[in-house]
Amino acid sequence: MRGLLIAPVVIPLATAVLLLVLRPSRRVEHALSALGCVALLGAALMLLVRVAGGGVAAMQLGDWAAPFGVSFVADRLGAAMVTVTAVIGLAVSVFAMAEIDDRRRRFGFAGFVQILLGGVCGAFLTGDVFNLYVWYEVMLIASFALLTLGGERIQIDGAVKYVALNMISTLLFLSGCGLLYGLTGTLNMADLHAKLPAVANQGLVTAVAVVFAIGFGIKAALFPLFFWLPASYHTPPVAVSALFAGLLTKVGVYSLIRFFTLIFTGDAAFTGALLAAAAAFTMVTGVLGAAAQNEMRRILGFHIVSQIGYMVMGLAIATPLALAGAVFYTLHHIVVKANLFLVSGVVRRLSGSGDLARTGGLYAQAPLLAALFLVPAFSLAGFPPLSGFWAKLFLVKAALEAQAPWIVAVLIGVGLLTVYSMTKIWAEVFWKAPPEPRAALPPLRGGERALLFGPIVGLAAITVAIGLWPAPLFDYADAAARELADPRDYVAAVLGSRP
Amino acid sequence: MAADHAGAASSPGARALTAIGIAIALGFAGALASLVPAVAGGAAPSVAVPWLPALGVALAFRVDGLSLLFALLISGIGALVLLYAHRYLRGHPHAARLQLFLTLFMLSMLGLVLADDAVVLFVFWELTTVTSYLLIGFDSESAKSRRAALQAMLVTGSGGLALLVGLLILGGVTGTLRISEWIAAGSVAGQVAYTAVFALVVLAAFTKSAQFPFHFWLPGAMAAPTPVSAYLHSATMVKAGVYLLMRMHPVLGGTELWFWTLTVAGSATALWASIVALRQTDLKLALAYSTVTALGFLVLFVGAEIGIAITAAVTFLIVHAFYKSALFLVVGIVDHATGTREAQRLGGLARTMPTTAAAAGLAALSMAGFPPLLGFIGKELKYEAALAIVSQPLVLATLLVVANALTFAVAAVVAFRPFWRGEPETPRMPHEAPRRMRAGPLLLAAAGFAFGVYPELVGRYLVEPAVAAIRATPMEVDLKLWHGVNVPLAMSVATALLGLAIYAAHERVRAVLARAVSALPLTGERAFDASLDALRSFAAFQTRILQGGSLRRYLFATWLVLPAAVGSVLVLRGGLAWPASPSPVPVYAWPIVLLVAAGSIAPIVTTSRLASIAALGLVGAGVSLLYLLFGAPDVAMTQLLVETLTVVIVAVVLLRLPRFSGRDHPGSAGRARDAALAIAAGTTVSALLLAVLASPLDPSLSDWFAANALPAGFGRNVVNVVIVDFRALDTLGEITVVTVAACAAYALLKLRPGASSEQEGA
């Protein structure tokens, strides 16, 4: 069991070491990174089964008892996030085998991907605030490496903005660590849950909570902290955007959920209202930003922002149903958003551009791709019976039960604008006639086709399956939400006894 | 989109999908037909499988009189339309897709009318929106089709979202999502939430069923191939809103609000659309507007409570489904055979297209309300109901007579004049349609005749159970062709005379109408376009402000959040605190503090990058000295090392960069702004630190580290033991960071592509 908890970090990091040190041939490299992802997925699934059956699991690294060493903890939320990370890692790695050129491959592409996966998994499983900070740094540097790899000017432009703005997140996060430590003398999350209520100056605790919220809010791309995302996500190769789109912002969302259910719960009404306002502005500005774009990945990038708002809104409402909705939304969104980016990659491959004006005709030319676009696009827009429909339904219901009609109005209105954006892509890329003269691009070969379409089909199948059989995932999300709402099991698993 | 791929054979895929679609349609029709006697006897077969038990959502379906009537129309007409469409689009490269979408649409529609669970109903409601989007945009390379599809999607989609909210509120109020349980529990008019639920459900129904002022999407949707219009936009989807109103009648009906909203909206829609219908010269558009008229009638009568009004609505629903889909299919044939749908160019087609002409004539007679067709019975019932539902029926009765007379004239324009008057001036030599295309309209038109002659069949087995379901009480319905000489009959005669007069003058009326309508300042469509334009320009404006592409502004905005949010929270939540006995700054530390302060001010003042970086190095060095003074020599060493390296590396990099140009570097106002922000952020962080210092430090962790470093960690340097043992994972992570940084830097230096000129822009 203890090995299982750290395996999702060890497997990708070990794979990365092999990839970066051995610098193997193309074939071996592909096999290695696929193997690493499959192993990660296997470990994640085992962890998921274990946690779903036996509740929160914890281990103390080096056997140094909590809160003195670093604790690793898997609850339902963490285990699910690790699992979906593995799924996205596998999908993106396979897609990248067809997309990433040899130059980028030789300079460590696959290794950076694995390190990013390791960092993301570490963030989802650690039970220590400072250790979380370390995984944030790992993610930041690995994502920086992936963003700049290739060195095209547009990439560098995006990467500079990405890093400069994310450094603020890093700084605030680190300052927050210091402040928390100064207040409580501990950085173990479970320990903080126990000790923070004893701090006399609760107003200060709320202020520190806001410091963390800004740090995580930058990562999650909340309003008004999201500038880095639309500035950078359309610049690297599509596989990289898809990986980022699926995972990076969600680490921020995860951290917000973790901190505001486990650690900063003392001033819930106030912080909830703050988060709700931020979430609402995020949803609206994001979706309007998307409406103003005319390039596929830029549209999708702004939609990440907008959708993050939905997840944080679930956290802000904070009822068990709303939290379950937030968890469900996050898991669904990771699959759907990564897939949309992958589809944009095939569009680029087939039309030579992601610019709406320079694409067209794929409805006739690539009917399979058209169908595969509709699944994640309409899921994102909330059409039934796809995963996104249920995610929105839960949040709308939660907002209704919380007597918050303005939240309902925002959820619904943004949903309609999401439909607008998705149909815009559909009409321009697929329906309209291709522009003349058409770019002369080589047709897809069999192997390339399989590598590009395989991941898209797989992720679309997940979206459809969740849509048609929502009960298993909802029940899981519901149980995860109950763990979050009542962290006694979490604390007991880490500190060894029920407080 | 008169598909002319004559000669081309249909693809095997299209053939297979057609066969499958028709088989499904006939299977449903047969199964449903076998339920007719039982349902007429009052039974309501149902089935329910849990879907999302945690929220009480079940895949529940139930066949009562209302569902059965709709489902029979959907599957029966569906089979005929599929057969027709197969021939209509023969050889079209996307013919198979059309059949697939039509079949999916049919299934969605069936699910919608058979659903007994509110969420399931909504699921199918949205599926009809999605499939109709794909069908309206079928001719996808035409910008007009794409626009029409988007319009329909957004208008009915917003209604759909309203429906979801309305149904969820109702579910919350009643504690169940099962529609039959809602109906059994009766009206919720007394609930606080009633008005909200009513408004949301009615919005959904009005958008879907094209009520004024949301009606404009329906004529636009005529961009779809004709079989699609015949199916979706006359017989089925546009009636989904009416279905919803009928379904919710026992739950939401019977109030003043319900009555007046539906009556006013329904009559306004009927009258307005019947006027605009006459204006059209495109036969298909004329039919589309006359469909809006019919939908207005239906909504008007569903607004009432009394049995005769509901009977009128149900009967007219059937009447309209038959004649309108028949006429659409006829127009499709005419279009196919002659190459035009323009009323003025068509004439005398009965000679070359006798069967089509017969179908058109029968359907038009039903539309105009002549006996012995079912349309006559429908019209008589409408008049009877109009006289009964309000105490002062004069206005309503007049309105109905006028709207019906206009419909009469439209029927003549669409289905009489092209066949029996004048000579054709068509692009193509008219010829009779192939058998498969004639079957649908002929059967549908004939049904209007047969049921007119034997109305008791429809009355007893279809209308009566449906009326009972809508009113949630059994009621006997006896449809008769002859009601004796009474007021409705007199109104019918008046309608016919007025209709003839309008037809005789329709060319002149049309010209007047065209001018009048185009002079209108605001229509639903223009409002829609204006709001879409407004949305686009606001989105563009907002994005220019927020995401302008300048890193300086991004940094400023992001940093601004720190003092704005944290600072105000500190004040608002009373978090400010001053350490009880702040240890005084020792005298020898003051110069260092001043050095640090000077180092932080310098970058604001200077315009030289090198000076800035040197000044920041000063800050770092000063802080290291402070560490040293306060007893942390190892941390001071590390800090000094890092600072020195940073300054050296950055300075080397800066030397290679061009000097600041005026564009990159802010003016004095900008710098003042930056300085203010820096001071605000610094003050906020200082306030936080002071407040933290004001609370007691819990030393249990550091005590434990100090106590255990040697015995458990075998090291005398506590910091080292923490780094390499107690918290070794952090160190592993940091090593990873450094390694990746090195690899990334190496790649950046070595991997140089051809420069691309793209920038973020936005």
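Residues numbered from 1 in each chain as written. Chains lettered and ligands numbered in written order. Predicted model: local features only at pLDDT ≥ 70, side-chain atom pairs only at ≥ 80, totals over all residues. Heavy atoms only, no water.

Student: Report on the overall build of chain B, specifying residues and quantitative values.
Tutor: Assigned secondary structure in chain B consists of 29 helices and two strands. Over its C-alpha trace chain B gives a radius of gyration of 38 Å, far above what one expects of a compact globule, namely 27 Å for 762 residues. For chain B, the C-alpha atoms occupy an extent of roughly 115 × 60 × 50 Å along the three principal directions. Here chain B holds 762 residues, and 53% of them are scored as buried. (Helix = DSSP H or I, 4+ residues; strand = E, 2+ residues; numbered from the N terminus. Rg over C-alpha atoms; globule rule 2.2 N^0.38 Å. Buried < 20%, exposed > 50% of the residue type's maximum accessible area, 1.4 Å probe, protein only.)

Student: Give a detailed account of the overall build of chain A, specifying residues and quantitative values.
Tutor: Of regular secondary structure, chain A possesses 21 helices and two strands. Over its C-alpha trace chain A gives a radius of gyration of 21 Å, about what one expects of a compact globule, namely 23 Å for 499 residues. A principal-axis box enclosing the C-alpha atoms of chain A has dimensions of 70 × 55 × 40 Å. Within chain A, buried positions represent 72% of all 499 residues. Carbon together with sulfur atoms contributes 67% to the accessible area of chain A, which is approximately 13200 Å² in total. Side-chain charges in chain A split into 32 positive and 23 negative, and the spacing between the mean points of these groups amounts to 6 Å. (Areas by Shrake-Rupley, 256 points an atom, 1.4 Å probe, with all protein chains shown as cover. Lys, Arg positive; Asp, Glu negative; His and termini not counted. Charge placed at Lys NZ, Arg CZ, Asp CG, Glu CD.)

Student: Can you lay out the nonpolar core for me, pointing to particular residues and giving the numbers?
Tutor: Core analysis: the largest hydrophobic core is formed by 452 residues, its most contacted members being V129 and F264 of chain A. Inspection of this core shows a minimum of three residues originating in each of domain 1 (254-504) and domain 3 (704-762) of chain B. Residue contacts for F264 of chain A: discarding those within four places in its chain leaves L180, L196, V205, V208, A209, F212 and F259 of chain A. Counting residues in hydrophobic clusters, the runner-up holds nine residues, among them F68 of chain A together with L701, V722 and F726 of chain B. (Core = buried A, V, L, I, M, F, W, Y, C linked by side-chain atoms within 4.5 Å. Domains from an automatic or database assignment. Contact = heavy atoms within 4.5 Å.)

Student: Now, about the pairing of strand β2 (residues 57-62) of chain B: what can you tell me, with residues and values included?
Tutor: Residues and elements named next belong to chain B. As judged from the six bridges shared by strand β1 (residues 46-52) and β2, these two strands associate in the antiparallel manner. Within β2, the residue paired with V49 across the bridge is L59. The hairpin formed by β1 and β2 contains four residues between the paired strands, and G56 there has a positive phi angle of roughly 75 degrees. (Pairing = 2+ DSSP bridges.)

Student: Could you give an account of the side chain of H215 of chain B, naming the residues involved and the relevant values?
Tutor: All names here are of chain B. Along the polypeptide, H215 turns up in the loop between α7 (194-208) and α8 (217-220). Take H215: its relative accessible area is 6%, and that puts it in the buried class. Excluding anything up to four places from it in sequence, H215 contacts A210, W272, Y289 and V292.

Student: Describe the environment of G467 of chain A, listing the residues and the values that go with them.
Tutor: Within the fold, G467 of chain A resides in helix α19 (residues 446-468). Among the residues examined, G467 of chain A registers a relative accessible area of 0% and is labelled buried. When the C-alpha atoms of G467 of chain A and M59 of chain A are compared, they prove to be 35 Å apart, with 408 residues separating the residues in sequence. Sequence-distant contacts of G467 of chain A, that is, excluding residues within four places in its chain, are made with P385, L386, S387 and W390 of chain A together with W51 of chain B.

Student: Talk me through the packing of aromatic side chains; I want residue IDs and the actual numbers.
Tutor: Geometry of an aromatic ring pair is reported as the spacing of the ring centres plus the angle between the planes. Residue and element names in this part refer to chain A. All told, the structure shown has 61 aromatic pairs over all chains when counted by the stated rule. In this structure an aromatic cluster arises from ring pairing among F130, Y133, Y136, F173, F212, F216, F259, F260 and F264. The side chain of K392 reaches across the aromatic face of Y310, ending 4.9 Å from its centre. (Phe/Tyr/Trp six-rings, centres within 6.5 Å; stacked < 30°, edge-to-face > 60°. Lys NZ or Arg CZ within 6 Å of the ring centre and 35° of its normal.)

Student: Tell me about the interface of chain A and chain B, and please be specific about residues and values.
Tutor: Facing the 117 residues of chain A at the interface are 101 residues of chain B. For the pair chain A and chain B, the summed buried surface comes to about 9500 Å²; carbon and sulfur atoms form 76% of the total. The interface formed by chain A and chain B includes three salt bridges. A salt bridge links R573 of chain B to D267 of chain A; its shortest N-O distance comes to 2.8 Å. Viewed at the interface, chain B and chain A are joined by 12 residue pairs in polar contact (both at pLDDT 80 or more). If you tally residues by element for the side of chain A that touches chain B, the top one is helix α7 (residues 153-184) of chain A, at 16 residues. In the side of chain A that touches chain B, the residues fall into 83 nonpolar, 19 polar and 15 charged. (Buried area = accessible area lost by both parts, 1.4 Å probe. Salt bridge = Lys/Arg side-chain N within 4 Å of Asp/Glu carboxyl O. Polar contact = N/O pair within 3.5 Å; in protein donor to acceptor, adjacent residues only side chain to side chain. Nonpolar A, V, L, I, M, F, W, Y, C, P; charged D, E, K, R; others polar.)

Student: I'd like to hear about the environment of R421 of chain B, residue by residue, with values.
Tutor: On the secondary structure map, R421 of chain B appears in the loop between α16 (394-420) and α17 (435-453). Residue contacts for R421 of chain B: discarding those within four places in its chain leaves G347, G348, F416 and Y503 of chain B.

Student: Break down the confidence of the model for chain B for me, citing the residues and quoting the values.
Tutor: Caution applies to low-pLDDT parts of the model: their predicted coordinates are not meant to be read in detail. Residues and elements named next belong to chain B. Averaged over all residues, the pLDDT of chain B is 89; the fraction at 70 or higher stands at 96%. Note that residues 755-762 has pLDDT below 50 and, in this model, 21 contacts with residues that lie over four places away or in other chains. Of the two predicted TM-score estimates for the complex, the pTM is 0.95 and the ipTM is 0.95. (pLDDT = per-residue confidence, 0-100.)

Student: Can you explain the pairing of strand β2 (residues 71-74) of chain A? Please cite residues and give values.
Tutor: All names here are of chain A. On β2, burial covers both faces: S71 and V73 on one face and F72 and A74 on the other are all buried. As paired elements, strand β1 (residues 57-60) and β2 share four bridges and run antiparallel to each other. What sits directly across from M59, in β2, is F72.

Student: I'd like a rundown of unusual backbone geometry, residues and numbers included.
Tutor: P67 of chain A follows A66 of chain A through a cis peptide bond whose omega is 5 degrees. As for its position among the elements, P67 of chain A is in the loop between β1 and β2. For the bond from F223 of chain A to P224 of chain A, the omega torsion is -5 degrees, close enough to zero to count as cis. In this structure, P224 of chain A sits in the loop between α9 (202-220) and α10 (228-232). A positive phi is found at A221 of chain A, a non-glycine position, where the angle reads about 65 degrees. Among the secondary structure elements, A221 of chain A is positioned in the loop between α9 and α10. In the Ramachandran plot, A472 of chain B falls in the positive-phi region, its phi being about 55 degrees despite a non-glycine side chain. Considering the arrangement of structural elements, one finds A472 of chain B in the loop between α18 (455-471) and α19 (487-504). Look at A472 of chain B and you get partly exposed, because its relative accessible area is 42%.

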